[in-house]
Amino acid sequence: MSPKIKGENLYSRSFVSRKWTFLLCFASFCFGIFFTDRMWNIPETNDMARPSVTEAERLKLISEGCGPKTLYQKEVKRDPQALFGEVSKTHNAIQTLDKTISSLEMELAAARSAQESLTNGAPVSNDVEKNQLLGKKRRYLMVVGINTAFSSRKRRDSIRTTWMPQGEKRKKLEEEMGIIIRFVIGHSATAGGILDRSIEAEDKKHGDFMRLDHVEGYLELSGKTKTYFSTAFSMWDADFYVKVDDDVHVNIATLGETLVRHRKKPRVYIGCMKSGPVLSQKGVRYHEPEYWKFGENGNKYFRHATGQLYAISRDLASYISINQHVLHKYANEDVTMGAWFIGLDVTHIDDRRLCCGTPPDCEWKAQAGNICVASFDWTCSGICRSADRLKEVHRRCGEPENAIWKATF
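These figures come from a predicted structure and were not determined experimentally.

Focus: helix H14 (residues 386-397)
Okay, step 1: Along its 12 residues, H14 runs just 14 Å from first to last C-alpha, ending more than 12% under the 16 Å computed at 1.5 Å per residue.
Okay, step 2: Among all positions of H14, only Ser386, Leu390, Val393 and Cys397 are buried. Here the buried residues of H14 occupy an arc of 75° about the axis, which is enough to place them on one side. In H14, the exposed positions angled more than 90 degrees off the buried face are occupied by Asp388, Lys391 and Arg395.
Okay, step 3: Contact partners of the buried residues in H14: helix H6 (153-160), strand E5 (249-250) and helix H13 (361-367).

Next comes the structure, spelled out in structure tokens:
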């Protein structure tokens, strides 16, 4: 073969090789573009985050060349009404959370008090045991605790024959009207002695006592009151808790109707509000050993309900139960109650129907259609010779016998 023909064959083979190389490279390039496009154009799923309206606006503004100042102005110019709505929703949410926390605190206090009562050997009523077995706690209108002493048997009997229902009627009062009435007493200095046994025998007959883990004594009345509210709160879930002395006449239906008017109000303290002088002189009745805490001689106490009868709402009873170990006691029980509430956001309600006089005062008011809740003699801090006179007071000032069954609470 001549050199010329040989060179032409080499040139033709080289040209063909270059052409195939170019075609292969071009095909690879196209395939790469096609493959890359298929790999990265993945359909958007529902789980993937989408930019919010605010973020979209921000990106749009940035693309239009707006700076941070413009962005800030854009965000500030939001609808004030919509902003107010968001604030209102947040406020309502906080209030709901606060109520929930308060409710849980009260339930915790009730459980703690009940546990302490069981630990200390305090008796628990059959109703409480029944509710505990059922895993629930019934809501009552009010618990009326009648403060009494070992020596007051005649007073208790006079109350049983007048304004306090007995037997099946008292049971019906609890079940249908949601009203609990109990005589409140602790134990003697010698627990299990003759005084305690006499109360146990009386309770076995009538079943109308609430026994407290407390040593009885007149000078210990403030401590007894604190123990009463704490124990009553742990035993019964009620809207109101009432304390009354055993020498006072009470119209139960009128008391219930009075309290119901304030049922929706928070932290209610109801009674005949007064403000007497702070007595610093030793030996006198109602002497205040801590008189110096109330300022100069001749000063008066802050407003507080007179001790013959007053009522507090459920949240205040819960407050006493939770803080019973740190609440200070003054010599006088009514002053002590007022002191516990003076620094709280409490609604003080002064209702003079809770401190009417005995006949003819309460009788005139009843004839005028303004039936009294409670009646007593101010001179005796109760009805003078109440064991002998209570029936007469009840006859002239008491509400009709069927009034309690006609009441709507």
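Considerations on the state of the cysteines
Okay, step 1: Within the structure shown, the criterion is met by four disulfides.
Okay, step 2: The side chain of Cys272 participates in a disulfide bridge whose partner is Cys355; the two sulfur atoms lie 2.0 Å from each other. When the S-S torsion is -95°, as for the bridge of Cys272 with Cys355, the disulfide is left-handed. Taken as a pair, Cys272 in strand E6 (residues 268-274) and Cys355 in the loop between strand E8 (347-350) and H13 lie far apart in primary sequence, 83 residues in all. As far as the burial class goes, Cys272 and Cys355 line up, both buried.
Okay, step 3: A sulfur-sulfur distance of 1.9 Å marks the disulfide that ties Cys380 to Cys384. The S-S bond linking Cys380 to Cys384 shows a torsion near 95°; that makes this disulfide right-handed.
Okay, step 4: You can call Cys380 partly exposed: its relative accessible area is 33%.
Okay, step 5: Each bonded cysteine in the protein gets a number by its place in the sequence, and the pairs come out as 1-2, 3-5, 4-8, 6-7.

Quick look at the nonpolar core
Okay, step 1: Within the largest apolar cluster, 42 residues are counted, with the highest numbers of intra-cluster contacts made by Met142, Trp163 and Ile179.
Okay, step 2: Excluding residues that lie within four positions of it along the chain, Trp163 makes contacts with Ile146, Val244, Val248, His249, Val250, Ile252, Leu390 and His394.
Okay, step 3: Among the nonpolar cores identified, the runner-up in size contains 27 residues, and Ala238, Tyr241, Ile312 and Leu327 belong to it.

Overview of unusual backbone geometry
Okay, step 1: Going from Pro359 to Pro360, the amide bond is cis rather than trans, its omega being 15°.
Okay, step 2: The phi dihedral of Tyr286 is positive, around 70°, even though this residue is not glycine.
Okay, step 3: Here Tyr286 shows up in the loop between E6 and strand E7 (304-313).
Okay, step 4: Accessibility expressed as a relative area gives 36% for Tyr286, which makes it partly exposed.
Okay, step 5: Even without being a glycine, Arg385 presents a positive backbone phi close to 50°.

About the thresholds
- Residues numbered from 1 in each chain as written.
- Predicted model: local features only at pLDDT ≥ 70, side-chain atom pairs only at ≥ 80, totals over all residues.
- Heavy atoms only, no water.
- Helix = DSSP H or I, 4+ residues; strand = E, 2+ residues; numbered from the N terminus.
- Expected span 1.5 Å × (residues − 1).
- Buried < 20%, exposed > 50% of the residue type's maximum accessible area, 1.4 Å probe, protein only.
- Arc of directions from axis to C-beta.
- Contact = heavy atoms within 4.5 Å.
- Disulfide = S-S within 2.5 Å.
- Core = buried A, V, L, I, M, F, W, Y, C linked by side-chain atoms within 4.5 Å.

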